[in-house]
4 protein chains.
Amino acid sequence: MTESAPRLADLPGEARAALDAQTIELPSWAFGNSGTRFKVFGTPGTPRDPFEKIADAAQVHAHTGIAPRVSLHIPWDLVDDFDALAAHASEHGVRIGAINSNVFQDDDYRLGSLCNPSAGVRRKAIDHHLRCIEVMQRTGSRDLKIWLADGLNYPGQDDLRARQDRLAEGLAEIYAGLGAEQRLILEYKFFEPAFYATDIPDWGTSLLHCLALGERAKVVLDTGHHAPGTNIEFIVMQLVRAGRLGAFDFNSRFYADDDLMAGAADPFQLFRIMHEIVRVGALDPASGINFMLDECHNIEDKIPGQIRSVLNVQEATAKALLVDREALTKAQAAGDVLAANGVLMDAYNTDVRALLDEWRTDRGLPADPMRTFAESGYLARIAADRVGGTPAGWGA
Amino acid sequence: MTESAPRLADLPGEARAALDAQTIELPSWAFGNSGTRFKVFGTPGTPRDPFEKIADAAQVHAHTGIAPRVSLHIPWDLVDDFDALAAHASEHGVRIGAINSNVFQDDDYRLGSLCNPSAGVRRKAIDHHLRCIEVMQRTGSRDLKIWLADGLNYPGQDDLRARQDRLAEGLAEIYAGLGAEQRLILEYKFFEPAFYATDIPDWGTSLLHCLALGERAKVVLDTGHHAPGTNIEFIVMQLVRAGRLGAFDFNSRFYADDDLMAGAADPFQLFRIMHEIVRVGALDPASGINFMLDECHNIEDKIPGQIRSVLNVQEATAKALLVDREALTKAQAAGDVLAANGVLMDAYNTDVRALLDEWRTDRGLPADPMRTFAESGYLARIAADRVGGTPAGWGA
Amino acid sequence: MTESAPRLADLPGEARAALDAQTIELPSWAFGNSGTRFKVFGTPGTPRDPFEKIADAAQVHAHTGIAPRVSLHIPWDLVDDFDALAAHASEHGVRIGAINSNVFQDDDYRLGSLCNPSAGVRRKAIDHHLRCIEVMQRTGSRDLKIWLADGLNYPGQDDLRARQDRLAEGLAEIYAGLGAEQRLILEYKFFEPAFYATDIPDWGTSLLHCLALGERAKVVLDTGHHAPGTNIEFIVMQLVRAGRLGAFDFNSRFYADDDLMAGAADPFQLFRIMHEIVRVGALDPASGINFMLDECHNIEDKIPGQIRSVLNVQEATAKALLVDREALTKAQAAGDVLAANGVLMDAYNTDVRALLDEWRTDRGLPADPMRTFAESGYLARIAADRVGGTPAGWGA
Amino acid sequence: MTESAPRLADLPGEARAALDAQTIELPSWAFGNSGTRFKVFGTPGTPRDPFEKIADAAQVHAHTGIAPRVSLHIPWDLVDDFDALAAHASEHGVRIGAINSNVFQDDDYRLGSLCNPSAGVRRKAIDHHLRCIEVMQRTGSRDLKIWLADGLNYPGQDDLRARQDRLAEGLAEIYAGLGAEQRLILEYKFFEPAFYATDIPDWGTSLLHCLALGERAKVVLDTGHHAPGTNIEFIVMQLVRAGRLGAFDFNSRFYADDDLMAGAADPFQLFRIMHEIVRVGALDPASGINFMLDECHNIEDKIPGQIRSVLNVQEATAKALLVDREALTKAQAAGDVLAANGVLMDAYNTDVRALLDEWRTDRGLPADPMRTFAESGYLARIAADRVGGTPAGWGA
């Protein structure tokens, strides 16, 4: 039992190095408005374009020090001059990360994109991905992230098998378009917006397609995209074991794909996930795993919502780094169920917040990012400055 | 085992009377556009106002003969002259049914309506309900149907208990505003749009509020508003036993509140629900149960989507009426599990479509409503006629 | 943000009083063998009779200081001389708590007990409860705890409604048999061992029966007896509000009724539950809520499994007592979602273990109960002593 | 719309051939007693040994004509002389099918079998499988069916990744022991008896191991082994597409692994599954898919429970064979959601019972197997004959 809160110096050097290596990529769309089918509530100061989104994202990095990249969503974040956008990011201390393709908002995509029964619509969806790859060339992005809304609402609506075959064909053409250093990362989702069958509903399906495509195709695990009760850390372990975990979309959920702040719904689960990550050293960028947020701030302020999420992931990571691996392995080998569980829980039950305050202070970052941001007046400033124009949202 | 498809004459008189007594109320909003948070796909010919919605709903009644009422949603269906709307309905062979209050789309309602921590917002929400009661006076509606989007996304966001107290207070004021023949029917929902806690999440909560309000407060059971695995027919039975089942919202779901066509996802469940209804004679209007649809036709045509749903409910009802009640009771009393289950399954496995074709033909209705409607050219006509204006949707 | 682990003195006096008032009742059956339908694994030293179970339970109290009562299960814990059993308990520093009736293990109960279609079986089940009340007289127990395995495996197997009526009748007779100071506490369960319908599947059903019975009928909430995703703290709040929360069965689960150690699967949920308890002062015995464990230690040692569970509940309680109620209320009233959630999380993220070590030390209890028990040699002693006889399990 | 129940002659020749080709393998253990952790209810006449189980299974085949094989469970069905058992089966008109290994009932397996942290226990588990292969040589079985109860109850209890590595190693040795015509078929299960993590929890994990093993390793899909809401027909399609669907375990469930009779809980789902099977011609034995039942008859009679299940699968198959494939494909290609769904539902809504009565009559089988069996007096006969001895159950 830990008698008091640990300090940074209590961490082994390797653990400190892991903390230092950790980065979390932010989604540009988290800074725009989002909501449910019932209502999208707006906030004053919501960005009107990708430049403003990046400025907001940079606030998160400025306060936490571990969020140096921003993912873009195409076409939501299309700009005429991506060089200017990249320069803008750089000026704000961040850079552009993964490119997310969006093939679910044109009327043509009512019955799917890459899986659509119409060859013309499939062609259009493939072409959109090829254009995304062009954007990647200009932004220096490594990852083309694909999440498809494809699926069926009614049994019989389309042929489940034929759709897989179309999907494989489309993905193959897209994969062939990638540069040698680029990757295709393929997300799966249990359901929504399709309500009977989703064309990539589980990690098994995503993995099968990745295996068919080649080494640079990897699986994206979104923590909110599973059936109730699914053991997510098991999937993390399995994909790492298969060498195919390409990225995380962190968020949290009580019910479906709620897209709440990471760690908000089940902080113990987030800890268990990070435990599987740190135990194989996968925080190291060499692991090729891109740790990203993918969340909606429907009712809370967006920038502090992202800060809170980043901190939650970092706290879970610090706890995972505190696990006494030697004691754990010993108890596991002895088949001592309570002792082994106890070692894990000791780390989880430890309060790591002071340790991380110290980590930030050492780097010239605010000890308390939430308070410092709140006191910075940034939200009031953007609310005053960003008058007119259309707030960004999922439609733009 | 039934050797051939039964005919109408094979039904006992009481069962035929029950079929004749059955009506299903249609939701005006099912004829407008709907979708998910990702996209709302439109259809040509979508109604632009409540008059056009009612005209479309009337098509469903014209083809099925059992859908004579249309629920309105306020403010979506606000008109200047409700007398004119009622007359319009009457001309089209239908009438106005329940009034649904909508207190989830103003910005004020971001943190709830009747449960909102702000007294001012609660006042506004109560006032909206009182205005809905005024609409009821003008439309002759019996039922004020309340579904609240109130809830929390994050633990601690608000006080669960205080919200119940506010809710009770607001409902009491609304209930007091009802006319002597009017009812307040209160819906519950497991989750969405709130993702941590919903203020009326289950039938127990709805019932407790109804018991506190008085005899004319009843529970609305929406078949899509339950946790995975919930036995819905049990709840139907329990609410009927308590004398508090006020209405159904029929739809179907595989995952969450998918709002698919009734009977599309689990026709056997729909049959079991109707079995609990017919066994206590609750199809009789005297039961006070309002059978309604509440669905979204996100990707399919709306009018035939409603026709298909109405037919599915009717088919499930006919099967339930075919249950050999005497044989069932005997097998149950004997504790003969397989025989009792077999009696129920015999009815479910029977094909009742010819019987219902006959039922319709006898009434001068089309034997095959889906085909007759498709061949009527109505969809092409409204697509051609309804040019300009804003298609109705959940926002209007 | 808490900079270091709080000490006992950091707690307000009221919170310290609440900690002091807290007691947790242990289930005698947790000390016997249990398992799944696939296998019951035994442990050396498993008690052979209620006397040995109580001796083991007393170890939990001796090490934690907050587990002074033991629930009995009848007939598993039937003895000829209950006075001797009570005296034995007293000698070991504990006393007998609630009496649990067991009407699911005779062959007669294949199709149910109080809901059985056979009047003879119902009579037998009622009579068993009356005998449990006799046991209560002899043991001075206040609570007759009823959990029924009644339900159906197949649709149609029996009449859902008739079973409710039989249930109401049986409960009424049992309730009438209670002494003036005794209570009937009625448990609900989502499913298992019945796989289609359970006769008391949810809190609403249990509450309806309690309301019909009278003031001394209360609901038992077993934390493992809900559908996936159910918000349990909401139900706690609602039952407290209705004045009908009679008792808890603590345990934890990832899937179904897993009966794992309390707090093991979702410690944040346990904290949220305890937050609803402490916010209304319901730890006070005057609240009439009996806090009990109901768990299975299928693969881990039983006594330390119970100690770990008791400590987990106490830690969650201490965290709930640390919530800055004033700050929380203020943030809630202001509609500041992130701040309000932050206040709650601050308490949850605090490490309370040193504080509780201190609490124990102050009372002459071991600072680290798990270690002290492990080092006590008790398990080795009972393994050596309890040779021969039949280890207790769910069958005895 | 089908105006009357179809006759056998209404089926195309290909569909009739598919019906004729269909066989369903029965589990020997379905004829023994089973139950839940709460109680195992027995029935008079329960078999006491594998010979009697096979005699009972043969009754199912005698009445249905499509259940010619019986799976064995080792060690439950160990006999000294497997030649005698095979001859006994042959005399009764059936033969021995798959061999199921059981490595979950020795005390050694408390922490797992092939995944156990102890090398000694893993060795024992591997050896048991090698002995099962010896049994296969003697019985002429093609399939070694492996379902493991391995998993964890508590986070940290063991190393998730190390367990996968041990599993892979153990499976490799077992696979190497197979004869050239033999297969290893590997089952997955969402949860139970492990309640935190299961070592083969999903089809993806099973498939990964099969891919590593070789061509003769295939996945077993048990319809009850999935998370709530999982689209099972999608997995069927995906495994067929990957060439790795080795076998089905049919049963049905409302909640967890309820092991109810196939088709009892969701007959529409069973139909959708069979639709995916017949659309690729996989009823043909050449597909290598072994269609098996795996069920528990906890409260109903076992032999008629199996007959009912076999008939339910056959009825779902006949409906799937009635799907108008041409119309379906046309509607799907046209993107006509309602029409495509309608084609599928037309087949599902058709009553195929008379058609299958005819199919049986043509083969000299009873038109109504349930009634004929009930009237045969077989149950009374075995109840009278099988006196003394220990009824078979999951322990023996």
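Residues numbered from 1 in each chain as written. Chains lettered and ligands numbered in written order. Predicted model: local features only at pLDDT ≥ 70, side-chain atom pairs only at ≥ 80, totals over all residues. Heavy atoms only, no water.

S.K.: So what's going on with the UniProt feature "domain: Xylose isomerase-like TIM barrel" (unreviewed entry) in chain A? Which residues, and what values?
M.R.: The feature "domain: Xylose isomerase-like TIM barrel" (unreviewed entry), as annotated in UniProt, sits at residues 80-257 of chain A in this numbering. Helix and strand shares over residues 80-257 of chain A are 39% and 18% respectively, and the end C-alpha atoms of the span are 33 Å apart. (UniProt positions renumbered as here; feature names shortened; annotations may be inferred. Helix = DSSP H or I, 4+ residues; strand = E, 2+ residues; numbered from the N terminus.)

S.K.: Describe the interface of chain D and chain A, naming the residues involved and giving the relevant values.
M.R.: Counting residues at the interface gives 53 residues for chain D, matched by 53 residues for chain A. For the pairing of chain D and chain A, the buried interface totals around 4100 Å² over both sides, and the portion due to carbon and sulfur atoms is 61%. On the chain D side of the contact with chain A, D:R161, D:F234 and D:R241 bury the most area, a combined 15% of that side's loss. Taken together, chain D and chain A are joined by four salt bridges. Taking the shortest distance from any N to any O, the salt bridge between D:D165 and A:R241 comes out at 2.8 Å. Contributing elements (two or more residues each) for the side of chain D that touches chain A: helix 5 (160-176), strand 7 (197-198), helix 6 (203-213), helix 7 (232-241), helix 8 (267-278), helix 10 (325-333) and helix 11 (337-349) of chain D. For the side of chain D that touches chain A, a count of residues per class yields 27 nonpolar, 14 polar and 12 charged. (Contact = heavy atoms within 4.5 Å. Buried area = accessible area lost by both parts, 1.4 Å probe. Salt bridge = Lys/Arg side-chain N within 4 Å of Asp/Glu carboxyl O. Nonpolar A, V, L, I, M, F, W, Y, C, P; charged D, E, K, R; others polar.)

S.K.: How would you sum up unusual backbone geometry? Please name residues and give values.
M.R.: Among all residues except glycine, the phi angle is most often negative; among peptide bonds, the trans geometry is most common. Put simply, B:I74 and B:P75 share a cis peptide bond, and its omega is 20°. Along the chain, the position of B:P75 falls in the loop between strand 2 (69-74) and helix 3 (82-91). A positive phi angle is found at A:E192, which is not glycine, with a value near 80°.

S.K.: Run through the relation of the copies chain D and chain C, naming residues and quoting values.
M.R.: Overlaying chain D on chain C yields an RMSD of 0.0 Å, the required transformation being a rotation through 180° with an accompanying axial translation of 0.0 Å. Here the symmetry operator amounts to a two-fold rotation axis. Nearest to the rotation axis, the C-alpha of D:R37 is located 2.2 Å from it, this being the minimum over chain D. Of the residues that chain D buries at the interface, 100% are likewise interface residues in chain C, meaning the two copies contact each other through the same surface. (Least-squares fit on C-alpha atoms with pLDDT ≥ 70 in both.)

S.K.: Before we move on, could you go through the environment of C:D158 and cite the residues and values that matter?
M.R.: Within the secondary structure, C:D158 is located in the loop between strand 7 (151-152) and helix 5 (160-176). Discounting chain neighbours no more than four positions away, the residues touching C:D158 are B:Q332, C:C115, C:P117, C:L152, C:R163 and C:R166.

S.K.: Break down the packing of helix 7 (residues 232-241) of chain B against helix 8 (residues 267-278) of chain B for me, citing the residues and quoting the values.
M.R.: Any two packed helices are characterised by the angle at which their axes cross and by the distance between the axes. Residue and element names in this part refer to chain B. The contact between helix 7 and helix 8 brings their axes to 9 Å, and the two run at 15°. Taken together, helix 7 and helix 8 sit at an angle that is classed as roughly parallel. For the crossing formed where helix 7 meets helix 8, the hand is right-handed. Contacts from I232, E233, V236 and M237 of helix 7 reach helix 8 at Q269, R272, I273, E276 and I277. Per-class residue counts for the contact of helix 7 with helix 8 are five nonpolar, one polar and three charged. (Axes fitted to C-alpha atoms, helices over the stretch in contact; angles between N-to-C directions. Parallel < 35°, antiparallel > 145°, perpendicular 65-115°, else oblique. Left-handed = near helix turned anticlockwise from the far one by under 90°.)

S.K.: Break down the interface of chain D and chain C for me, with residues and values.
M.R.: Each partner contributes residues to the interface: chain D has 40 residues there, and chain C has 40 residues. Together, the buried faces of chain D and chain C total about 4000 Å²; carbon and sulfur atoms form 64% of this surface. Remark: the boundary between chain D and chain C carries eight salt bridges. For D:D257, the salt bridge identified is with C:R37, shortest N-O distance 2.9 Å. Across the chain D-chain C interface, the total number found is 20 residue pairs in polar contact (both at pLDDT 80 or more). (Polar contact = N/O pair within 3.5 Å; in protein donor to acceptor, adjacent residues only side chain to side chain.)

S.K.: Please set out the confidence of the model for chain A residue by residue, giving values where relevant.
M.R.: Looking at chain A as a whole, the pLDDT averages 96, with 99% of positions reaching at least 70. Quick note on the complex model: pTM equals 0.98, ipTM equals 0.97. (pLDDT = per-residue confidence, 0-100.)

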